[in-house]
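This is what each chain is made of:
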Amino acid sequence: NFSASKISGELCLPLLLPPQATAQPPAMMGSRVAASLLRRGRDQASALMTIPRLPRSAPAPPPAPSRVGSGSCGGGGRHLPPPPPPQSAGGLFAASRVASYHAFRSFGPKSFMGQCTRKMSTTAATLNSNMANATANSGLKLLVTKGPQAQKAVGIWLFGCAAWVFSMVILGGVTRLTRSGLSMTDWKFAGGLPPMSEEEWLLEFQKYKQSPEYMRVNKGMNLEDFKFIYWMEYAHRMWGRALGFVFAVPFAYFVAKGYVTRQLGVRLSALFALGGAQGLIGWWMVKSGLEEPASEYVEPRVSPYRLAAHLTSAFVIYCGILWTALSVVMPDPPAESMKWVKGAAKFRKLAIPASAVVGITAISGAFVAGNDAGRAYNTFPKMGDSWIPEDVFSMEPFIRNFFENTSTVQ
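Rules of the game
- Residues numbered from 1 in each chain as written.
- Predicted model: local features only at pLDDT ≥ 70, side-chain atom pairs only at ≥ 80, totals over all residues.
- Heavy atoms only, no water.
- Core = buried A, V, L, I, M, F, W, Y, C linked by side-chain atoms within 4.5 Å.
- Buried < 20%, exposed > 50% of the residue type's maximum accessible area, 1.4 Å probe, protein only.
- Helix = DSSP H or I, 4+ residues; strand = E, 2+ residues; numbered from the N terminus.
- Contact = heavy atoms within 4.5 Å.
- Patch = residues over 30% accessible without salt bridge, like charges linked within 9 Å, V, L, I, M, F, W, Y side chains within 5 Å.
- Areas by Shrake-Rupley, 256 points an atom, 1.4 Å probe, with all protein chains shown as cover.
- Salt bridge = Lys/Arg side-chain N within 4 Å of Asp/Glu carboxyl O.
- Expected span 1.5 Å × (residues − 1).
- UniProt positions renumbered as here; feature names shortened; annotations may be inferred.
- Axes fitted to C-alpha atoms, helices over the stretch in contact; angles between N-to-C directions.
- Left-handed = near helix turned anticlockwise from the far one by under 90°.
- Phe/Tyr/Trp six-rings, centres within 6.5 Å; stacked < 30°, edge-to-face > 60°.

1. Some thoughts on the nonpolar core
Then step 1. Among the nonpolar cores identified, the biggest contains 24 residues, and V154, W157, L158, F247, L264, L268 and I321 are the most heavily contacted of them.
Then step 2. Looking at this core, the elements with two or more residues in it are α6 (147-177), α9 (223-257), α10 (262-289) and α11 (304-329).
Then step 3. At nine residues, the largest contribution of residues to this core is made by α6.
Then step 4. Discounting chain neighbours no more than four positions away, the residues touching L264 are L143, V144, V154, T324 and V328.
Then step 5. Of all hydrophobic cores here, the second largest spans eleven residues; its members include W201, F205, M221 and F226.

As structure tokens, then:
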């Protein structure tokens, strides 16, 4: 609590004088100051010591008021009181009083007072800034430490990863529409280089010719058409592996810098593990399309259940990263904030049903694609000649109709 508002010019004077001087009579204290001035400069001391003696009845002319410091240790720019009139000590006493006043005045703006003012002003500004930041962040459930710059860096990284996953879903849809997903008949977790020579391309093409899709759907395909579907599937796989690198390297860096809290670290580790499992789920899905169909009249396709699992896990990863990014840049306020609780409860009533409808629509789209149900009926609003096909519930058990019956799924 050492502030300028609580220290006056009268209190600073004993701090600047030796302890012995403050405990002695005014005449002796003035003599000691005058002697000090004599040691600093003979001319100035001589001029002060030769002031004529003033009569007892005549008041001493008050000197011009002087400011000490710039508003901190020197009393906040307060004027020094004029020296009291001399009494019976004669010219030496008057000179000593004036000398002590001028000596104290010379200390102020040049050395001690100016430095003390600057240091206290800087310290006060720093403390005020820290207190403002602490007040602004009090009660917030922060997921990132080390200040707002770290929070911004982690947020940008997570938003970038969420956009990357979004592009992965789009690229996977294009791969599905171009029927390129079964062009690569093997899989490596770390990936590898694509065919670089004509011999390597011919070797990959021979592998594809042994698959059920080539023999029943793409028989007679030339090498150039095969290269197109191969590049689509290769780009989809390598884009996912690149996402793993983009996620893992900054994550390790932020953990090493101490930016990530334990709660955020556990959440990001779970998302990274789910991303690694996504590659395994993708190969598990493709492998189902490389198996011989049960009937010769059935086109080879991937399992709709595995396709739905692959797409759903991609949506879970996307939503998880996006949710985490929003939680980083916009931390939750404390639960005691009733205004926030009421607002969140009101928003939740709309968000949960909407999310459920979007999720069901997305998953049902995976079953439509897995069963090629979109090609079964190409009329709207009727399905063929009727509003509801006759075989809509023809499968047993009943639950299979919602996942395997072409009419029901569409």
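2. Section: a nonpolar patch on the surface
Then step 1. On the surface, F159, L326, V329 and M330 cluster together into a nonpolar patch covering about 320 Å² of accessible area.
Then step 2. Position of F159 among the secondary structure elements: in helix α6.

3. Description of the pattern of salt bridges
Then step 1. Counting across every chain of the model gives eleven salt bridges.
Then step 2. For R179, the salt bridge goes to E299, with nearest N and O atoms at 3.9 Å. Taken as a pair, R179 in the loop between α6 and α7 (198-209) and E299 in the loop between α10 and α11 lie far apart in primary sequence, 120 residues in all.
Then step 3. For E299, a relative accessible area of 31% gives the class partly exposed.
Then step 4. Here D372 ties to R301 by a salt bridge, and the two come within 3.2 Å at their closest N and O atoms. Placement of the pair is D372 in the loop between α12 (338-370) and α13 (406-409) and R301 in the loop between α10 and α11, with a sequence separation of 71 residues.
Then step 5. Among the residues examined, D372 registers a relative accessible area of 18% and is labelled buried.

4. Notes on α10
Then step 1. Taking 1.5 Å of rise per residue, 28 residues should cover 40 Å, and α10 covers 41 Å from first to last C-alpha, within 8% of that figure.
Then step 2. Listing the buried residues of α10 in full gives L264, G265, L268, L271, Q278, G282, M285, V286, S288 and G289.
Then step 3. For α10, the elements touching its buried residues are α6, α9 and α11.

5. Some remarks on the UniProt feature "transmembrane region" (unreviewed entry) in the protein chain
Then step 1. Taken from the UniProt record, the annotation "transmembrane region" (unreviewed entry) applies to residues 154-174, 238-256, 268-286, 307-330 and 350-369.
Then step 2. Here residues 154-174 is 100% helix and 0% strand, with 31 Å between the C-alpha atoms at its ends.

6. Some points on the side chain of E233
Then step 1. Structurally, E233 is set in helix α9.
Then step 2. Judged by its relative accessible area of 4%, E233 falls in the buried class.
Then step 3. Residue contacts for E233: discarding those within four places in its chain leaves T175, S180, G181, S183, M184 and V286.

7. Some words on the packing of α11 against α12
Then step 1. Look at α11 against α12: their axes get within 8 Å of each other, and the N-to-C directions meet at 145°. Where α11 crosses over α12, the two elements pack in a sense that is right-handed. In contact with P304, Y305, L307, A308, L311, T312 and F315 of α11, α12 contributes A362, I363, A366, F367, A369 and G370.

8. With respect to the packing of aromatic side chains
Then step 1. Applying the stated rule across the entire model yields 27 aromatic pairs.
Then step 2. The interplanar angle of 85° and the centroid separation of 6.2 Å between the aromatic rings of F205 and Y214 together place this pair among those described as edge-to-face.
Then step 3. When its relative accessible area of 10% is taken as the criterion, Y214 is described as buried.
Then step 4. Look at Y230 and Y234: their rings are 6.4 Å apart centre to centre, the planes differ by 10°, and that puts the pair in the stacked class.

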